[in-house]
Amino acid sequence: MESVITLAEEIAVQAAKAAGAVARNLFQQGFTVEEKDDNGDLLTEADLLAEQIILHSIRTVFPDHQIHSEEAGLSGSEGDWLWMVDPLDGTNNFAIGLPLFGVSITLIHRSVPVLGVIYDTMQDKVYIAKQGSGATCNAEELRMPWKPEPKRLTVGWIQGHQVQRDEPALRLRGHIESHTKRMLRLWAPTLQWAMLARGQIDGVVLYQSEGDDLYSGLLLVREAGGLVMDFDGQPFHGMKPEPCIIACPPDRKEAMLQLVREGMVSAAGSIR
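Residues numbered from 1 in each chain as written. Predicted model: local features only at pLDDT ≥ 70, side-chain atom pairs only at ≥ 80, totals over all residues. Heavy atoms only, no water.

Within an unreviewed UniProt entry, the label attached to the protein reads Inositol monophosphatase family protein, and the organism entered is Paenibacillus vulneris.

**Q** Would you mind going over the overall build of the protein with me for this structure?
**A** Of regular secondary structure, the protein possesses 7 helices and 15 strands. A compact globule built from 272 residues would reach a C-alpha radius of gyration of about 19 Å, and the protein, at 18 Å, matches this within 12%. Within the protein, buried positions represent 52% of all 272 residues. Summarising the internal contacts of the protein: among those between residues at least 6 apart in sequence, 62% fall at separations of at least 24. Here the protein has roughly 12600 Å² of accessible surface; of this, 48% comes from carbon and sulfur atoms. (Helix = DSSP H or I, 4+ residues; strand = E, 2+ residues; numbered from the N terminus. Rg over C-alpha atoms; globule rule 2.2 N^0.38 Å. Buried < 20%, exposed > 50% of the residue type's maximum accessible area, 1.4 Å probe, protein only. Contact = heavy atoms within 4.5 Å. Areas by Shrake-Rupley, 256 points an atom, 1.4 Å probe, with all protein chains shown as cover.)

**Q** What should I look at first to understand the packing of aromatic side chains in this one?
**A** Any two aromatic rings considered together are summarised by their centre-to-centre distance and by the angle between their planes. Within this structure, the stated rule accounts for 6 aromatic pairs. Geometrically, the ring pair formed by Phe27 and Phe101 is tilted, given 5.1 Å between the ring centres and 55° between the ring planes. Taken together, the positions of Phe27 in helix 1 (residues 2–29) and Phe101 in the loop between helix 3 (91–95) and strand 6 (102–109) put the pair 74 residues apart, joining distant regions of the chain. Taking relative accessible area as the criterion, Phe101 reaches 1% and is therefore assigned buried. (Phe/Tyr/Trp six-rings, centres within 6.5 Å; stacked < 30°, edge-to-face > 60°.)

**Q** What should I look at first to understand unusual backbone geometry in this one?
**A** A negative phi holds for most residues other than glycine; trans holds for most peptide bonds. Phi is positive for Ser111, which is not a glycine, with a value near 70°. Assignment of secondary structure puts Ser111 in the loop between strand 6 and strand 7 (112–120). Under the relative-accessibility criterion, Ser111 is labelled partly exposed at 46%. Positive phi, close to 55°, is recorded for Asp124, a residue that is not glycine.

**Q** Please explain the nonpolar core as it appears in this structure.
**A** Counting residues in each nonpolar core, the largest one holds 26 residues, and the members touching the most others are Ile54, Trp83, Val103, Ile105, Leu107, Leu115 and Val117. Of all the secondary structure elements, the ones that give two or more residues to this core are helix 1, helix 2 (45–61), strand 5 (81–89), strand 6, strand 7 and strand 8 (125–130). Take this core: its biggest share by element is 8 residues, from helix 1. Among the nonpolar cores identified, the runner-up in size contains 20 residues, and Val155, Met256, Leu257 and Leu259 belong to it. (Core = buried A, V, L, I, M, F, W, Y, C linked by side-chain atoms within 4.5 Å.)

**Q** Would you mind showing me how to read the sheet that holds strand 12 (residues 182–184) here?
**A** An order of 12-11-13-15-14 is seen for the 5 strands of this open sheet, with the pairing classed as mixed. Where the open sheet ends on each side, the last strands, each with one partner, are strand 12 and strand 14 (227–230). Mean inter-strand twist for the sheet, computed between neighbouring axes without regard to direction, equals 20°. (Pairing = 2+ DSSP bridges. Axes fitted to C-alpha atoms, helices over the stretch in contact; angles between N-to-C directions.)

**Q** Got a minute to help me understand the packing of helix 1 against helix 2 in this structure?
**A** Packed helices, taken two at a time, are described by their axes: the angle between them and the distance between them. Contact geometry of helix 1 with helix 2 gives a least axis separation of 9 Å together with a crossing angle of 160°. Our classification of the angle between helix 1 and helix 2 gives roughly antiparallel. Note that helix 1 runs across helix 2; the crossing there is right-handed. On helix 2, the residues that touch Leu7, Ile11, Ala15, Ala18, Ala19, Val22, Ala23 and Leu26 of helix 1 are Glu45, Ala46, Leu49, Ala50, Ile53, Ile54, Ser57, Ile58 and Val61. Each residue belonging to the contact of helix 1 with helix 2 can be placed in one class, and the counts come to 15 nonpolar, 1 polar and 1 charged. (Parallel < 35°, antiparallel > 145°, perpendicular 65-115°, else oblique. Left-handed = near helix turned anticlockwise from the far one by under 90°. Nonpolar A, V, L, I, M, F, W, Y, C, P; charged D, E, K, R; others polar.)

**Q** Is there a simple way to think about the side chain of Thr91 in this case?
**A** For Thr91, the location among the structural elements is in helix 3. Assessed through its relative accessible area of 10%, Thr91 is described here as buried.

**Q** How should I be thinking about the packing of helix 5 (residues 189–197) against helix 6 (residues 214–223) in this particular structure?
**A** Relative to each other, helix 5 and helix 6 sit at 0°, their axes nearing to 9 Å. Here helix 6 runs roughly parallel to helix 5, going by the angle between their axes. Residues Thr190, Trp193, Ala194, Leu196 and Ala197 of helix 5 form the contact with helix 6, whose own contacting residues are Leu214, Ser216, Gly217, Leu218, Leu220 and Val221. Classifying every residue of the contact of helix 5 with helix 6 gives 8 nonpolar, 3 polar and no charged.

Structure representation (structure tokens):
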């Protein structure tokens, strides 16, 4: 298993950087874009070209592994190994000229994420997390730094595509926004997880969201020393459809739980 993960890391990093280079060049030179659904989600040629690069790289070395990718969907036979690929995390940012987008590649073994690679394309930063082996940023150890708790938290918010204007989500989001220093919505979740791992924000609240970009971020936060838990404060492990998650440094646990619990009371209902 260790040899598989070591080779997978090499392939994933090479593929992520190659896919990111394609996206970066198109971002600077121009690209085509179209709406792909009724919710206004966008698809650009960068999504497709980046995806082709990553899928080809994985299939060439691991032909027996199953892959789930943002645009191509599920391919290959079900087995112990599953790759989850978001070739352009932050497509909407990319499409409107906002330089906040990246690549996410996760390798999962028997429903447990064991390798996560995130490439922050415009900052040329490669984040790698391996289960039980820690996290790095551009080959340097990444540990969530200790900071004194601020008077008001800065918190990231991530919600699933299907949530839209769900009333409990709106109430919870509104509570967080009004009771923190700042609530961030980057439209590029992997970059938000990276910010948390670097200690640049105090926590992330994720509401009913599972995508191809999720598990690389959760693994990065966990391996950098952070907590990943459900809304009841119980550790979150493995995979779950549309989970609700709080992630934060250990010393922010109670503050984040209180923030979400008060927001849930405000929402007048349970989303677990």
